[in-house]
Amino acid sequence: MKLMRLFSHYVKLNLQSAMEYRAAFLTQVFGMILNNSAFIVFWLVLFRAVGDDIAGWGFTAVMFLWSITAFGFGLASVFLGNALYLSRIIYTGELDVYLLQPKPILPNVLWSRSIVSGWGDAAYGLVLFGLTQPLSVAGIAIFLGFGVALALVLTAIRVIYHSLTFYFGNAEDFATTAGELVILFSMYPGGVFDGPTMWLLHSVIPAALVAFIPAQLFASFDTTLLLAVLAADALIIAGAVIVFARGVRRYESGNRIGARL
Amino acid sequence: MRSRNDDRAAAGGRSGRPFRVNTASGTIARLARRYGCILRYGARNQLIYLRSFIMRNFFLIVILFVMHRLWRVILADGPIVGFTLVQMLWYLAVTEAIELSRGRLFQDIQDDVRTGAVVYTLARPYPYPAFEFARWFGGALVRLVPLLAIGFVSALALVGPLPRFAYGISLALPSIVLGLAIGTLWVLLIGLLAFWSEDVTPFYWIYQKIVFIFGGMFLPIDYFPEWLAAISRVLPTAFQAYWPARLAVAPDAAVAMTTYAGQLVWIAGLAGACALLFAAATKRMHAHGG
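Residue positions are given per chain, counting from 1 as you read along its sequence in written order. All chains are assigned letters beginning at A, and all ligands numbers beginning at 1, according to the order in which they are written. pLDDT decides what is reported in this predicted model: residues at 70 or higher carry local features, side-chain atom pairs at 80 or more are listed and counted, and totals for whole chains, interfaces and linings draw on all residues regardless. To obtain the side-chain values, all non-hydrogen atoms of the structure were included, while hydrogens and water were left out.

Caption draft 1: Seen up close, the overall build of chain B. Counting its regular elements, chain B contains 12 helices and 0 strands. A run of H or I in DSSP counts as a helix once it spans at least four residues, and a run of E counts as a strand once it spans at least two, with each numbered from the N terminus. Tracing chain B from N to C terminus, the helices and strands come up as α-α-α-α-α-α-α-α-α-α-α-α. Sequence separation of 24 or more characterises 77% of the internal contacts of chain B that already satisfy a separation of 6 or more. Accessible surface is estimated by sampling points in the Shrake-Rupley manner with a 1.4 Å probe; for residues, cover comes only from the protein chains shown. When the accessible surface of chain B is summed, it comes to about 13900 Å², and 66% of that surface belongs to carbon and sulfur atoms. Contact definition: two residues touch when any of their heavy atoms are within 4.5 Å.

Pasting the structure below:
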């Protein structure tokens, strides 16, 4: 309950801060929507040229991948935006500020920053889903549920890789790239990947868990598969919590003086 | 009408040595030395950030890998619009290398405008946009070399050698460099919009996606419907990525000449646009305090 209150405070504060520069906020949101729309053109032209089947995936199925990825990525940016900056927070000693506060460290760090353009991604994902997918209550529930799951798993992956900074020094570039790879692979028809790549996409770069399998469930629902993928998602999230908590034990304060306003 | 400089040159100046008279070749040599120096500074700066450099190159390998998996399925039954799988992968290696090597110059300009640091550059003996262009173009050239090398090695490993590689790359290289100059000028132009807009990042995103589509970044323009392909081929974005990459995989001396000419025209046009925009921007600048 206390955590929910903290979360709602952060959402309110971040939104107020974004709306302070209203023109910049709107430019970023609409800029991101336009930016993402370019990819529809790419897939439209490609499917028109090669016929509506790439490794068993049609235009509608690929658009599902794009909508859920944009929506989940947007949610992660808006509500868990600080995951991207975790390495920097650790190596600059900024973590001191969070350690001193009487709140759970990881949620407190993750919620305290919102990336404005994420609103554009999330809105784009919702609109794209509404325009390109057959709508039903179950379908919408799968989309929204797995959108949230994608946001959580993507953040968990970022937390795990950024936490390497606790152990090996600055892992910022590596962790940023790893997060980008999850998104990159999530947006291409899963059928084109096979062999060892598929193993990677089910584990260290879990694009299959956050995008391909939800797309499969959206097309034809299967309870066993649903439970399996949720268990896998939970495992990754739990892994992130453990890796971060262990990392914090190794953290040495830089005696940095700072304030959060 | 004689200028004060002419009088000084005739008098031999304060030091007693005669001043150099400005000739066209002397001016060009002086400008080349000045901007060459800035270009070298930008290039050296790149070599310091080794970690980002490695990650950027790694990302290129992954992108080419994903593209290989995608196009392997699409082109399984043979070439479409004349592109074989081998040509497609090598084409993408070139377009990606050009795109990834171009820096985010607009951010520096945006920061300079926000902090007011741009005002101090007005007193320097070179125009601010020319300085930023030379600095970032130098950095981009340094980034380009390993990106091209890694792109080519990846393409070689994934699909094998490109037929007529040596001829193709000799025609494409000047075009790749000119394409990079076009890209850098676009980003400079976007950066200069910071004088009017609080945050120019969304303009950069949109520009990136215009290059992505109309520059044939991931999908050669030949795949477009004919009417759209005809328009896209003459746009500056095509001269930035599509034409250089096409020259590399389908070399043709006549096409190379047209490409170079088109690129030079767009470079002149974009450089002119930057100069005009900066001139308009300087009129909006206000300096307070000392």
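Caption draft 2: Local environment of the packing of helix α7 (residues 128–159) of chain B against helix α8 (residues 165–192) of chain B. Residues and elements named next belong to chain B. Only C-alpha atoms enter the line fits that serve as axes; for helices the fit covers just the stretch in contact. Angles between N-to-C directions range over 0 to 180 degrees. Where α7 contacts α8, the two axes come as close as 9 Å, and the packing angle between them is 145°. The chirality of how α7 crosses α8 is right-handed. Taking contact as the criterion, the partners of Pro129, Glu132, Phe133, Trp136, Phe137, Ala140, Leu141, Leu144, Leu148 and Phe152 in α7 are, on α8, Phe165, Ile169, Leu173, Ile176, Val177, Leu180, Ala181, Thr184, Leu185 and Leu188. In the scheme used here, Gly and all other residues not listed as nonpolar or charged are polar, with Ala, Val, Leu, Ile, Met, Phe, Trp, Tyr, Cys and Pro taken as nonpolar and Asp, Glu, Lys and Arg as charged. Here the contact of α7 with α8 is built from residues that sort into 18 nonpolar, 1 polar and 1 charged. The sense of a crossing depends on the near helix, which, turned anticlockwise from the far helix by less than a right angle, makes the crossing left-handed and, turned clockwise, makes it right-handed.

Caption draft 3: Up close: the packing of helix α9 (residues 201–214) of chain B against helix α11 (residues 236–249) of chain B. Residue and element names in this part refer to chain B. With their axes 9 Å apart at the nearest point, α9 and α11 run at an angle of 60° to one another. On the basis of their axis angle, the class for α9 and α11 is oblique. Handedness of the α9/α11 crossing: right-handed. Two secondary-structure elements touch here, α9 through Tyr207, Ile210, Val211 and Phe214 and α11 through Thr237, Ala238 and Gln240. Among the residues making up the contact of α9 with α11, the classes are represented as 5 nonpolar, 2 polar and no charged. The cut-offs work like this: below 35 degrees is roughly parallel, past 145 is roughly antiparallel, 65 to 115 is roughly perpendicular, and the gaps in between are oblique.

Caption draft 4: Fine view of the environment of A:Ile54. Note that A:Ile54 resides in the loop between α2 (22–50) and α3 (59–79). The rule is simple: take the accessible area with a 1.4 Å probe, protein chains only, and divide by the maximum for that residue type; under 20% is buried, over 50% is exposed, in between is partly exposed. For A:Ile54, a relative accessible area of 1% puts it in the buried group. Not counting chain neighbours up to four residues away, the residues in contact with A:Ile54 comprise A:Trp43, A:Leu46, A:Phe47, A:Pro189, A:Val192, B:Leu70, B:Val73 and B:Ile74.

Caption draft 5: Structural view of the interface of chain A and chain B. At the junction of the two partners, chain A supplies 35 residues and chain B supplies 30 residues. As a working definition, buried area equals the accessible area (1.4 Å probe) given up by two parts on being put together, with both sides summed. The contact between chain A and chain B buries some 3000 Å² in all, and 78% of this surface belongs to carbon and sulfur atoms. The term salt bridge refers to a pairing of a side-chain nitrogen on Lys or Arg with a carboxyl oxygen on Asp or Glu at a separation within 4 Å. For the pair chain A and chain B, the number of links is 1 salt bridge. The partner of B:Arg72 in a salt bridge is A:Asp194, with the nearest N and O atoms 3.3 Å apart. Any pair of N or O atoms that falls within 3.5 Å is considered a polar contact. Within protein, one atom must be able to donate a hydrogen and the other to accept it, and sequence-neighbouring residues count only if both atoms are side-chain atoms. Inspection of the region where chain A meets chain B yields 1 residue pair in polar contact (both at pLDDT 80 or more). Breaking the side of chain A that touches chain B down by element, the ones donating at least two residues are α2 and α10 (172–186) of chain A. Residue contributions to the side of chain A that touches chain B peak at 17 residues, all from α2(A). Residues of the side of chain A that touches chain B, tallied by class, amount to 23 nonpolar, 8 polar and 4 charged.

Caption draft 6: Inspection of the nonpolar core at higher detail. Among buried residues, those of type Ala, Val, Leu, Ile, Met, Phe, Trp, Tyr and Cys that are joined through side-chain atoms within 4.5 Å constitute a nonpolar core. Counting residues in hydrophobic clusters, the biggest one holds 165 residues, and the most contacted among them are A:Trp43, A:Phe185, A:Tyr188, B:Leu70 and B:Trp71. With 14 residues, α8(B) is the single largest residue contributor to this core. In this structure A:Trp43 touches A:Ile54, A:Phe59, A:Val62, A:Met63, A:Trp66, A:Met187, A:Tyr188, A:Pro189 and B:Leu70, once residues within four positions along its chain are discounted. B:Ile38, B:Tyr126, B:Phe131 and B:Ala134 belong to the second-largest nonpolar core, a separate cluster that totals 5 residues.

Caption draft 7: Quick peek at the pattern of salt bridges. All names here are of chain B. This structure, assessed with the given rule, holds 8 salt bridges over all chains. Between Arg135 and Glu132 there is a salt bridge whose closest N-O contact spans 3.1 Å. On the criterion of helical spacing, the pair formed by Arg135 and Glu132 is a turn pair, its members being 3 residues apart in helix α7. Each member of the pair, Arg135 as well as Glu132, is classed as buried. Between Asp222 and Arg246 there is a salt bridge, and its shortest N-O distance comes to 3.4 Å. Of this pair, Asp222 sits in the loop between α9 and α10 (226–234) while Arg246 sits in helix α11; the two residues are 24 residues apart in sequence, bridging distant segments of the chain.

Caption draft 8: Highlighting the side chain of A:Ser77. You can see A:Ser77 is positioned in helix α3. Excluding residues within four positions of it along the chain, A:Ser77 makes contact with A:Arg113, A:Ser114, A:Ile115 and A:Gly118.

Caption draft 9: Quick peek at the packing of aromatic side chains. In this analysis, rings of Phe, Tyr and Trp, with Trp reduced to its six-membered ring, are considered paired at centre separations within 6.5 Å, and the interplanar angle assigns stacked below 30 degrees, edge-to-face beyond 60, and tilted for intermediate values. Counted according to the given criterion, the structure contains 41 aromatic pairs over all chains. Ring geometry for A:Phe42 and B:Phe212: centres 5.7 Å apart, planes at 50°, overall tilted. Separated into two different chains, A:Phe42 in helix α2 and B:Phe212 in helix α9 make up a pair that spans both. Neither A:Phe42 nor B:Phe212 differs from the other in exposure class; each is buried. On the basis of an interplanar angle of 40° and a centroid distance of 6.0 Å, the ring pair of B:Tyr204 and B:Tyr207 is categorised as tilted. Placement of the pair is B:Tyr204 and B:Tyr207 together in helix α9, with a separation of 3 residues, close to one helical turn. Here B:Tyr204 and B:Tyr207 have matching classes, each one buried. Here the basic side chain of A:Arg113 rests over the ring of A:Tyr85, its NZ or CZ set 3.8 Å away from the ring centre. Criterion for a charge above a ring: Lys NZ or Arg CZ within 6 Å of the ring centre, and within 35 degrees of the ring normal.

The values are spatial; any link to function lies outside them.
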